[in-house]
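Coordinate analysis (summary)
What follows is each chain in one-letter form.
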Amino acid sequence: MGETPAIELTRLSKRYGPVVGVESLSLAVEAGEVFGFLGPNGAGKTTTLRCLVGLLGPTSGHARVLGLDPLADHARLAPRLGYLPGELRLYPELTGAQTLDLLTALQRAPSPRRRELCERLDLSDRDLRRPVLGYSRGMKQKLGLVQALQHEPRLVVLDEPTEGLDPLVQETFFALMAEAAGAGRTVLLSSHVLPEVQRACGRVAIIREGRLVTVERVASLREARARRIRVTLGGLRPGRPRSLGDADRWNPRWQGDRAELLVPPSDITATLRALLTLPVADITVEEAGLDEAFLDLYRDPAPPDGTAPGNAP
Ligand SMILES: Nc1ncnc2c1ncn2[C@@H]1O[C@H](COP(=O)(O)OP(=O)(O)OP(=O)(O)O)[C@@H](O)[C@H]1O
């Protein structure tokens, strides 16, 4: 693409004393991408996002955001960056409108989209005149989204953006993401919910225990999903140990004489060959759900050197 990446992490590590937040994370997000950052609880998503927006400094390695250093160039980045933290802390006595004014001042930029966003996210003028102390969780999240997008930033960093939003508002959120992508803005969205990322993002990084597991196009993640084999064996003697021979390495789950196993597509032929040497009464093969493919990635052992395959746009 030739352009400076919107986000560039180079062996970024952040430790909290002895605790690893993230470890040697290298990643590039191109301008105009809607990029997902996916991982289980405690994987290091929030830590990475905080390093990107200049709220945390890395222990080693570095981050470049829109070609700038998030800490040293914070003032230059502020107008071009929108950030929705995972735990939005607001001053309870300020009204919604005062909160947005305060955040506008910190963004050092006008907020041409505020009214439109409030309307689309169903935050009425009456709501905006109330102190946020009385806001529901969903209303706070909507206010958070308005402030993250109101100044039309080049890059939007969203930590678990749909938390607390009802399904109707989630639809508006997805529409906003599609529009941002259409307008050439870059979005980085962290989540532990795969369908959300699948819907909004073109590429996704999967992170676990502070390390990058893989960076994939969402479409490839679908293709790479495991196959589920269900096999029924004939002639098993009660009380005798059950085995699928070589296919036991896929940890079959047994129920009577029937076993179920999840196998990566690359191993499906070899596994079927191994199974067909057994007294098979019945066998079926189908694609596993996308969630299961994703859980497989969560469970895989981390690569020893912190590198990950497929880290190319
Ligand atoms: N301020 C802190 N002090 C000590 N350890 C921390 C701190 N913040 C995060 N950690 C640790 O760093 C690791 C990564 O945490 P982080 O919050 O970045 O993960 P996450 O992927 O955002 O998790 P979640 O999905 O639960 O929000 C965890 O082990 C966490 O306990």
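Quick note: structure is the one above.
Owing to the predicted nature of the structure, the values given are computational and were not obtained by experimental measurement.

**A short note on the packing of helix α3 (residues 96–107) against helix α6 (residues 137–149)**
Packing of α3 against α6 brings their axes to within 10 Å, and their N-to-C directions diverge by 30 degrees. With respect to each other, α3 and α6 are oriented roughly parallel. Along this stretch, α3 crosses α6, giving a crossing that reads as right-handed. In contact with G96, T99, L100 and L103 of α3, α6 contributes L143, V146 and Q147. The residue inventory of the contact of α3 with α6, partitioned by class, reads four nonpolar, three polar and no charged.

**Things to note about the sheet that holds strand β6 (residues 155–159)**
Taken in spatial order, the six strands make up an open sheet running β5-β6-β7-β3-β8-β9, and their pairing is mixed. Lying at the two open borders of the sheet, with one neighbouring strand each, are β5 (81–84) and β9 (211–217). The mean angle between the axes of side-by-side strands here comes to 15 degrees, regardless of whether they run parallel or antiparallel. Relative to strand β7 (residues 186–191), strand β3 (residues 34–38) is paired through five bridges, and the arrangement is parallel. The residue of β7 that forms the bridge with G36 is L189. Along the sheet, helix α1 (residues 45–52) makes contact with β3, β6, β7 and β8 (203–208), crossing β6 at roughly 150 degrees. Contacts from α6 reach β5 and β6 within the one sheet, and its direction differs from that of β5 by about 170 degrees.

**Brief notes about helix α7 (residues 167–182)**
With 16 residues, α7 extends 23 Å between its outermost C-alpha atoms, agreeing within 8% with the 22 Å of an ideal straight helix rising 1.5 Å per residue. Along its buried surface, α7 packs onto β3, α6, β6, β7 and α8 (194–200). Of the residues flanking the end of α7, it is G184, one or two places downstream, whose phi is positive at about 80 degrees.

**Some remarks on the environment of P279**
On the secondary structure map, P279 appears in the loop between α10 (268–275) and β13 (280–287). In this structure, the C-alpha to C-alpha distance between P279 and W250, residues 29 residues apart in sequence, is 19 Å. Sequence-distant contacts of P279, defined by excluding residues within four places in its chain, comprise L233, G234 and G235.

**Focus: the nonpolar core**
V146, V157, V187, L189 and A205 are the most contacted members of the largest nonpolar core, which totals 62 residues. Those residues in contact with A205, other than ones at most four positions away along the chain, are L27, F37, L38, L212 and V215. Residues I229, A259, V263 and L275 belong to the second largest nonpolar core, which totals 10 residues.

**Details of the site of the ligand**
Around the ligand, the surrounding shell holds 13 residues, and the nearest of these are Y16, N41, K45, T46 and T47. For the shell around the ligand, the secondary structure elements donating two or more residues are β2 (19–29) and α1. Take the shell around the ligand: its biggest share by element is three residues, from α1. Taken together, the residues of the shell around the ligand break down into three nonpolar, nine polar and one charged.

**What about the environment of R130?**
Locating R130 in the fold gives a position in the loop between α5 (125–128) and α6. Residues R130 and S60, 70 residues apart in the sequence, show an inter-C-alpha distance of 43 Å. Ignoring any residue separated from it by four or fewer positions in sequence, one finds R130 in contact with T95 and G96.

**Topic: α1**
Counted residue by residue, α1 has eight buried out of eight residues, so it is predominantly covered. Residues of α1 that are buried include every one of K45, T46, T47, T48, L49, R50, C51 and L52, and no others. Positioned one or two residues after α1, G54 has a phi angle of 80 degrees, which is positive.

**Notes on the sheet that holds strand β12 (residues 258–263)**
Strand order across the open sheet formed by four strands is β11-β12-β10-β13, with antiparallel pairing between neighbours. Each having just a single partner strand, β11 (253–255) and β13 make up the two edges of the open sheet. Strand-to-strand twist across the sheet, computed as the mean angle between neighbouring axes with direction ignored, equals 20 degrees. Alignment of strand β10 (residues 227–233) against β13, held across seven bridges, turns out to be antiparallel. By the bridge assignment, T232 is partnered in β13 with D282. Against the sheet, α10 makes contact with β10, β12 and β13, and its axis sits at roughly 5 degrees relative to β10, the strand it touches most.

**Here's the deal with the pairing of β3**
Within β3, five of the five residues are buried, which leaves the element mostly enclosed by the surrounding structure. Side chains of β3 alternate between two faces, with V34, G36 and L38 and F35 and F37 buried alike. Two elements, β3 and β8, share four bridges in a ladder whose sense is parallel. Considered in β8, the bridge of F35 is made with R203.

**Here we look at unusual backbone geometry**
Positioned with a positive phi, R11 is a non-glycine residue whose angle comes to about 40 degrees. Tracing the sequence through the fold places R11 in strand β1 (residues 7–16). On the basis of neighbour counts, which here come to 13 C-beta atoms within 10 Å, the residue R11 falls in the partly exposed class. Residue N251 is not a glycine yet carries a positive backbone phi of 50 degrees. Residue placement: N251 occurs in the loop between β10 and β11. Take N251: there are 9 C-beta atoms within 10 Å of it, and that puts it in the exposed class.

Conventions we followed
- Residues numbered from 1 in each chain as written.
- Predicted model: local features only at pLDDT ≥ 70, side-chain atom pairs only at ≥ 80, totals over all residues.
- Axes fitted to C-alpha atoms, helices over the stretch in contact; angles between N-to-C directions.
- Helix = DSSP H or I, 4+ residues; strand = E, 2+ residues; numbered from the N terminus.
- Parallel < 35°, antiparallel > 145°, perpendicular 65-115°, else oblique.
- Left-handed = near helix turned anticlockwise from the far one by under 90°.
- Contact = placed C-beta atoms within 7 Å.
- Nonpolar A, V, L, I, M, F, W, Y, C, P; charged D, E, K, R; others polar.
- Pairing = 2+ DSSP bridges.
- Expected span 1.5 Å × (residues − 1).
- Core = buried A, V, L, I, M, F, W, Y, C linked by C-beta atoms within 7 Å.
- Buried ≥ 20, exposed ≤ 12 C-beta atoms within 10 Å, placed from the backbone.
- Near = placed C-beta within 6 Å.

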